[in-house]
4 protein chains.
Amino acid sequence: MKKVLITGFDPFGGEKINPALEAVKKLKDIEFSNIELRVKEIPTVFYKSIKILEDTVREFEPDVVICIGQAGGRSEITVERVAINVIDARIPDNENNKLVDTPIIEDGAAAYFSTIPIKDIVLNIKKAGIPASVSNTAGTFVCNQLLYGLMHVISTKYNNITGGFIHIPYLPEQAANYNNQPSMSLLDMVKALEIAVNVAAQNVLE
Amino acid sequence: MKKVLITGFDPFGGEKINPALEAVKKLKDIEFSNIELRVKEIPTVFYKSIKILEDTVREFEPDVVICIGQAGGRSEITVERVAINVIDARIPDNENNKLVDTPIIEDGAAAYFSTIPIKDIVLNIKKAGIPASVSNTAGTFVCNQLLYGLMHVISTKYNNITGGFIHIPYLPEQAANYNNQPSMSLLDMVKALEIAVNVAAQNVLE
Amino acid sequence: MKKVLITGFDPFGGEKINPALEAVKKLKDIEFSNIELRVKEIPTVFYKSIKILEDTVREFEPDVVICIGQAGGRSEITVERVAINVIDARIPDNENNKLVDTPIIEDGAAAYFSTIPIKDIVLNIKKAGIPASVSNTAGTFVCNQLLYGLMHVISTKYNNITGGFIHIPYLPEQAANYNNQPSMSLLDMVKALEIAVNVAAQNVLE
Amino acid sequence: MKKVLITGFDPFGGEKINPALEAVKKLKDIEFSNIELRVKEIPTVFYKSIKILEDTVREFEPDVVICIGQAGGRSEITVERVAINVIDARIPDNENNKLVDTPIIEDGAAAYFSTIPIKDIVLNIKKAGIPASVSNTAGTFVCNQLLYGLMHVISTKYNNITGGFIHIPYLPEQAANYNNQPSMSLLDMVKALEIAVNVAAQNVLE
């Protein structure tokens, strides 16, 4: 039995829903074999998001942590390879902080690589008929910040945890409000995340 | 009771499935009120497609005809406004005809406008949370040819029929084979087409 | 000696410049062989644009008319194949007219095909190292309206004139104000239009 | 007088030219004030590219190093923020090495940030009317590898040098061979790089 923590951000940037939160909630209804799943909502707020994530890690003691965020404009499930030590936000977070060219952690490492098996996750999601790819940038907003914070916490305190971040597209009902934006059904997002959880946990077992 | 004919092309261009065919087949399982629905598969072949469509129209005597085709690369359900009198194909059709800069009908009208309520259909699909827009070009391949052929047949022989064409994106399992291509779930496609059928039939009733 | 009329729209939609106008002005400095070139600025206003174009045609008696417009978001020189008989504008024109789903000419033909040699023009522009392609939609704003109006005038009164429309991308200084928009240098635009003028005039000579 | 080294890759991936090489060659013809400019061609080969860059740095002793590479598909001049410690190549380099998921430097830092003033460079290029933006990923091919190698060399041996990497789009003559690819004129690329050199050197002077 492996313990997997999966997180989803709350809505931001004027959106009323965040597909990340919708998708991770649905994961609760899925029966996983040999996996104890914990789902946690994370506020789209700099640093507070890392704090809540770290508190949950301390309490739940997971083997795997995967954070989920929305990447409006992307067509595919994108599994992030790396987080860089910078916040450079075009829009304020949900507590109205607007940070520009700020290190996430002063004197921290320039970057952390995700340690979940990103290529295997992408391969298995695609095998299931859902578009997916590896991404080399998680941006410079709250998502990149959370992945960086997660991997920093893991690197400094919990070396046996593997961690990562997955971006998911707009939901169709969000894209319907824009012009010509790609989207993905909640069902396919949930299926993709289920696969990611299984592949990442299996990777720990081996 | 109104009669609606809906058609879907068979796979082409190296694809094993065509979302148009998959989606229209699923429409058979839906119970429509006051609508008799006929679903017809159409070969992705120049002229033969028009011939089969016309034969079905003659036999079924529909009030509304909506043809469905795949538009790989598009993110949304796109309801076509117009068909132009030209075939200009980059790839051969399914019987290996490759036609370039050829009129569909010699001395035919330069174009025909669709007569289904395209704006209302788009509006109602979007209201249902599915991305949609009006398109001003159906291309110059078999899809545009079929819409042109349909509207020519209607214009010359069946003035009381309203007709149109709807393009749908790749299915996720198709997009999973490409890099960074948008897609839409079959469920949402079917829902969008159900709405289109209802709105187009309602428009006739009024 | 053949007479070629080339037109460019004035700026619209909040832009301070229109690459079409900038480019056609530069054409005046080019020495063409066996071509008398007339350059005309056209206001981005429904119907008035057609009126001024028709007046200039009547007065100048050209063999070839090519209208130039801006297509923000396109990467290439796009030579339009066809204009359709509809105005459906998202934004008002320069005299604040906002027209939706209106025929350009009541009971006019559904569409007119351009009669300049679109494939030859594209081929020769590409040979000169400038990206170009045929476009199957000129949109539903003032550009499509002008091409439709031009071809209607030609079709009804001046059968010996060949006419067409070419869209050009943003200039770099326009794209510098947006996020991630393609552009093209004025020099390349002018070179492409020079080629278009020569190919279109040569086509008449033959 | 400050010394600036600027490098450009040779053609790769089936292309006959590399805009990076074409552009940096043209920089030789520009007279800079208070700047001694050295231009160096770099082979598109893993590690050999870093070796040649390091040799040139040792010999020339520059204050600033800016490496230039082609980013086909991008519309703008993109100034890279960061390089990550991984090679993950879809295509082989020019000596047929194909490396997948390999660290550039075993046990090296996860990433290095560029130290040239990326925001100032972007701002000044845009002021000059040329589209530009900061990029958060230099990819995982030879370009990212060279920036990583450069910053590693600087970090370990030459702390007083500032370094960075700028990606430039296809040239129009390259884009003319593809469908619908953005491009930029050589003149604008050269102007943008001239600005980058001046801004980066000025930054050192201050």
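This is a predicted model, so every value here is computed, not measured.

Asker: Could you give me a rundown of the pairing of strand β4 (residues 77–80) of chain B, with the residues and numbers involved?
Answerer: Residue and element names in this part refer to chain B. Residues Ile77 and Val79 line one face of β4 and the alternating positions Thr78 and Glu80 line the opposite face, and both faces are buried. Pairing between β4 and strand β7 (residues 132–135): four bridges, direction parallel. What sits directly across from threonine 78, in β7, is serine 133. Looking at chain direction, β4 and strand β8 (residues 162–168) are connected through two bridges and run antiparallel. Its bridge partner lying in β8, threonine 78 is registered against histidine 167.

Asker: Break down the side chain of Gln174(C) for me, with residues and values.
Answerer: All names here are of chain C. By secondary structure assignment, the location of glutamine 174 is in helix α5 (residues 172–175). A polar side-chain atom of glutamine 174 sits 3.1 Å from a polar atom in the side chain of glutamine 70. In this structure, glutamine 174 is in contact with Glu15, Ile17, Pro19 and Gln70, ignoring residues within four places of it in sequence.

Asker: Could you give an account of the packing of helix α3 (residues 118–127) of chain B against helix α6 (residues 186–205) of chain B, with specific residues and numbers?
Answerer: Axis angle and axis distance: for two packed helices, these are the angle between their axes and the distance between the axes, and together they describe the pair. Residue and element names in this part refer to chain B. Close contact between α3 and α6 brings their axes to 9 Å; oriented N to C, the two are set at 140°. Compared by their axis directions, α3 and α6 come out oblique. Along this stretch, α3 crosses α6, giving a crossing that reads as right-handed. Only Ala192, Ile195, Ala196, Val199 and Ala200 of α6 make contact with α3, whose side of the interface consists of Asp120, Ile121, Asn124 and Ile125. A breakdown of the residues in the contact of α3 with α6 according to their chemical character gives seven nonpolar, one polar and one charged.

Asker: Give me the lowdown on the relation of the copies chain A and chain D, citing residues and values where you can.
Answerer: With an RMSD of 0.0 Å, the fit of chain A onto chain D corresponds to turning through 180° and sliding 0.0 Å along the axis. Put plainly, the chains are arranged around a two-fold axis. Mapped onto chain D, 100% of the interface residues of chain A are again interface residues, and the two copies thus contact each other with one and the same surface.

Asker: Lay out the UniProt feature "active site" (unreviewed entry) in chain A with the relevant residues and their values.
Answerer: All names here are of chain A. The UniProt record annotates "active site" (unreviewed entry) at Glu80, Cys143 and His167. For the residues just named, distributed over 88 residues, the greatest C-alpha separation is only 10.1 Å, placing them together at one site. Mapped onto the elements of the fold, glutamate 80 is located in strand β4 (residues 77–80). Apart from residues no more than four positions distant in its own chain, glutamate 80 is found in contact with Arg74, Ser114, Ile118, Ser135, Asn136, Thr137, Ala138, Leu147, Phe165 and His167. Along the chain, the position of histidine 167 falls in strand β8 (residues 162–168). Once you skip the residues sitting within four places of it in the chain, histidine 167 turns out to touch Gly69, Gln70, Ala71, Arg74, Glu76, Ile77, Thr78, Glu80, Ala138 and Cys143.

Basis of the calculations
- Residues numbered from 1 in each chain as written.
- Chains lettered and ligands numbered in written order.
- Predicted model: local features only at pLDDT ≥ 70, side-chain atom pairs only at ≥ 80, totals over all residues.
- Heavy atoms only, no water.
- Buried < 20%, exposed > 50% of the residue type's maximum accessible area, 1.4 Å probe, protein only.
- Helix = DSSP H or I, 4+ residues; strand = E, 2+ residues; numbered from the N terminus.
- Pairing = 2+ DSSP bridges.
- Polar contact = N/O pair within 3.5 Å; in protein donor to acceptor, adjacent residues only side chain to side chain.
- Contact = heavy atoms within 4.5 Å.
- Axes fitted to C-alpha atoms, helices over the stretch in contact; angles between N-to-C directions.
- Parallel < 35°, antiparallel > 145°, perpendicular 65-115°, else oblique.
- Left-handed = near helix turned anticlockwise from the far one by under 90°.
- Nonpolar A, V, L, I, M, F, W, Y, C, P; charged D, E, K, R; others polar.
- Least-squares fit on C-alpha atoms with pLDDT ≥ 70 in both.
- UniProt positions renumbered as here; feature names shortened; annotations may be inferred.

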